Structure formats: structure tokens, C-alpha cells
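# Examination of the molecular architecture
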Amino acid sequence: MTRGTASAGLNSLPRPVAVVVGAGGVLGAAHVGVGYALEQRGFVPDMIIGTSVGALNGAIAAAHPHSAAPWLDHVWTQLRRRHVYPLGYLSSRASVFTDRGLRRLIAGAGLPSRIEQLSVPFTAVAMDLVTGAPVLLDHGDLESALLASAAIPGMLPPVEREGRTLVDGGVIAYVPVLAARQAGAASVVVVSTGPESSPLSPTFSRRSAAAIASRAGLLLLHHQIERDLHEVSEHIPTVVLPTGVEAWPAPWDFGHSKRLISTASLAAGRFLDGLHISGPGLYRVDGPLTTTAGPGDASTSSALEVGP
């Protein structure tokens, strides 16, 4: 599809509209597919708020608001684990991996040196490792802001910035909708990924220590996301774009990017073309064929009929 006009649902969102791009590591390839759907409909947000890999993808979208998806598509489909997490190069005792891979990716993205120079106002969300508070990085050096937002504790080195020690914002704000409302958004479009953002499966292995630990972590993130989404949606329209992905790759497997991008592009585009906004509420797909919106979670029978 060539770039055209925004869908009726997107056009009816109160301004300013924030696009919120969540965390997810390797699953961030699905962001690209959703980005295609938005760009193909001519949609440009008034601000972009990103956490972790969502900050990296979001900054590129903020720099190139009409054409980021094709560039990100090329990067993600060529990306491999060694590019992001180079083995054998310990940064220090503070992290397993160096951040040199991320620095190379940022340097090759054609980004300005300062956040204020981006075409669309942008905020990267990190966490203060001393206090646990979210830190909204909306001005100053762009590279250090992106490195801080993506600094997975223990895996990548913390970033010292303005007297604070900062790590991955996904710890405190996996989907930073609260930051978007704090920034003055009158509505939000959420780009999130992974099983943490989807309805939870009732089945999992109870015989494996790894499976039990994984389930506990999944529940922790899921409840954080749901709490924040419902809090914001009580006040402003909160649209959660679907990815359509049901089989997610392992956290270290970058070999599925093409599938994630194409699946998310199709699912998000179909959803957007049927989106109808009628005031504050939570607009999203809750399953393969159902959607819900608003505090009461009123449901419909088709993913093309969305609204409270």
C-alpha cells in the first residue's frame, strides 16, 4: 500500500496524540510491522514515547516520521544476536555484554545528536537504579538516552546521566502510557509486543523450574501493563494495536523478524481500518475475533468493530 490518508479512527483521536512504543527486545521487530500500517495510512503522531527497544525504534520513527518502517525493516531482517549482544567482550563487572553493538546501530540510524532535533517530539523512558523511579528523557544527548532506556540490568551497562544511574525503562514502564499522559497526550496509540501484552494462556509447564520462573516474570509484566493501560484509558482514548503474532521466538532469536513484521503489518492495518473512537476507553483486540474497549470491557464479535 502506498502512503495515503489516515483511517477515520485515527483522524478522530483527540490531539495531541502520542504513539507509545513498548519494550520487548528481539520482539521489537513487530513494531516495524505496526509502523508500516501507520505510515501507509499517512499517520504522524504529535509525540512518541518509547521504552527499551521501543525507544530505539521510536527515535528512528521520530527522526523519519513518514519513512522509518522500510529502513527499520532492512535493519531488523539483517540483525543477529552478535550485533546487539556481542559475546566475549565483557564491558565490566556491571554487565555481561558491552553496549558497542547498540552504539553502532544508533550511529548508523541517521539520528541527530540531540533529542530536541528530532522531527517529532520524543521521550525515552529509563529507570533510576537508586530510587526505582521512571526517568523521562526528553531533551539533551540522544545516544545516551537510548542506551539508558535499553540497558537491561546485568546484561548491558548502566548509563550515568545528569548525576543518575539509569537502566532499562522496561523494568518500571514496559508500556509507558503513564509517561505519555504525563507529557500531555490527549489520546495514545500503543505499539506493544510479546506475550506480556497479550491475553495469558492458562496452560504452562509446572514441572520445569525455568518454566515456573518464566511464568512468574510474565505475570509480573502483564499485570503492570494492564494496570497502566486501564489507569490511562479511564481518562483518554487508549488504542492498543494488535500484532497478530501468536508464536513468539525465543528472546535471543533474531531470525524471525520477517515473519513478525509481515504479520504485525497485516493485523494492525486491518484493525486500524475498522477502528471507531467514541470517547475515553481501551480499544484493543482481546482475542482472535473479539475486541473490547472501556472500563467495562464491552465486547463485539469482530476485530473490525472497535469501540466502547
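Structure first, text after, so check above.
Cut-offs used in this document
Numbering of residues starts from 1 in every chain and runs along the sequence as written. With pLDDT at 70 or above as the cut-off, local features in this predicted model cover only qualifying residues; side-chain atom pairs require 80 or more to be listed or tallied, and sums for whole chains, interfaces and linings still use all residues. For side-chain calculations, the full set of non-hydrogen atoms in the structure is used, while hydrogens and water are omitted. To get an axis, a line is fitted to the C-alpha atoms, and for a helix only the part in contact is used. The angle between two axes follows their N-to-C directions and goes from 0 to 180 degrees. Helix numbering and strand numbering both begin at the N terminus, where a helix is a DSSP run of H or I of at least 4 residues and a strand a DSSP run of E of at least 2. Any angle that falls under 35 degrees is termed roughly parallel, while one over 145 is termed roughly antiparallel, one within 65 to 115 roughly perpendicular, and all others oblique. Less than a right angle of anticlockwise turn of the near helix away from the far helix marks a crossing as left-handed, whereas a clockwise turn marks it as right-handed. Throughout, a contact is declared for two residues whenever any of their heavy atoms are within 4.5 Å. Each residue gets one of three labels, nonpolar for Ala, Val, Leu, Ile, Met, Phe, Trp, Tyr, Cys and Pro, charged for Asp, Glu, Lys and Arg, and polar for the others, Gly among them. One side-chain nitrogen of Lys or Arg within 4 Å of one carboxyl oxygen of Asp or Glu is enough to make a salt bridge. Each residue gets one of three labels from its accessible area relative to the maximum for its type: buried under 20%, exposed over 50%, partly exposed in between, using a 1.4 Å probe on protein chains only. Here a polar contact means two N or O atoms within 3.5 Å. Within protein one must be a hydrogen donor candidate and the other an acceptor candidate, and residues neighboring in sequence count only if both atoms are side-chain atoms.

Before going further, it helps to spend a moment on the packing of helix H3 (residues 53–63) against helix H7 (residues 142–149). Viewed as axis vectors pointing N to C, H3 and H7 meet at an angle of 150°, and their least axial separation amounts to 7 Å. One finds that H3 runs roughly antiparallel with respect to H7. The hand of the H3/H7 crossing is right-handed. For the pair formed by H3 and H7, the contact residues are Ala-55, Leu-56 and Ala-59 on the first element and Leu-142, Leu-146 and Ser-149 on the second.

Okay, the packing of H3 against helix H4 (residues 68–78) next. Where H3 contacts H4, the two axes come as close as 9 Å, and the packing angle between them is 135°. Taken together, the axes of H3 and H4 are oblique relative to one another. Seen along the crossing, H3 lies across H4 with a hand that is right-handed. Contacts between H3 and H4 involve Val-53, Asn-57, Ile-60 and Ala-61 from the first element and Ala-68, Trp-71, Leu-72 and Trp-76 from the second. Split by residue class, the contact of H3 with H4 holds seven nonpolar, one polar and no charged.

Attention now goes to the pattern of salt bridges. Taken as a whole and judged by the stated rule, the model has eight salt bridges. Of the charged contacts in the structure, one is a salt bridge between Asp-99 and Arg-103, with a shortest N-O distance of 3.1 Å. Residue Asp-99 is classed as buried on the basis of its relative accessible area, which comes to 13%. A relative accessible area of 35% means that Arg-103 is categorised as partly exposed. In this structure, Arg-284 and Glu-226 form a salt bridge, with 2.9 Å as the shortest nitrogen-oxygen distance. Highlighted residues: Arg-284 in strand S9 (residues 281–285) and Glu-226 in helix H9 (residues 209–233), separated in sequence by 58 residues. On the basis of relative accessibility, which here comes to 9%, the residue Arg-284 falls in the buried class. A relative accessible area of 16% means that Glu-226 is categorised as buried. What you see here is one network of salt bridges that share partners, running through Asp-99, Arg-103 and Glu-143.

The subject of this paragraph is unusual backbone geometry. The peptide bond linking Arg-15 to Pro-16 adopts the cis configuration, its omega dihedral lying at 0°. Within the secondary structure, Pro-16 sits in the loop between helix H1 (8–11) and strand S1 (17–21). Despite not being glycine, Ser-52 has its phi angle at roughly 60°, a positive value. The residue Glu-162 is not glycine, and still its phi comes out positive at about 50°. For Glu-162, a relative accessible area of 54% puts it in the exposed group.

The subject of this paragraph is the side chain of Ser-144. With respect to the element layout, Ser-144 can be found in helix H7. Its relative accessible area of 16% is what places Ser-144 among the buried residues. At a separation of 2.7 Å, a polar atom in the side chain of Ser-144 contacts the side chain of Arg-161. In this structure Ser-144 touches Val-159 and Arg-161, once residues within four positions along its chain are discounted.

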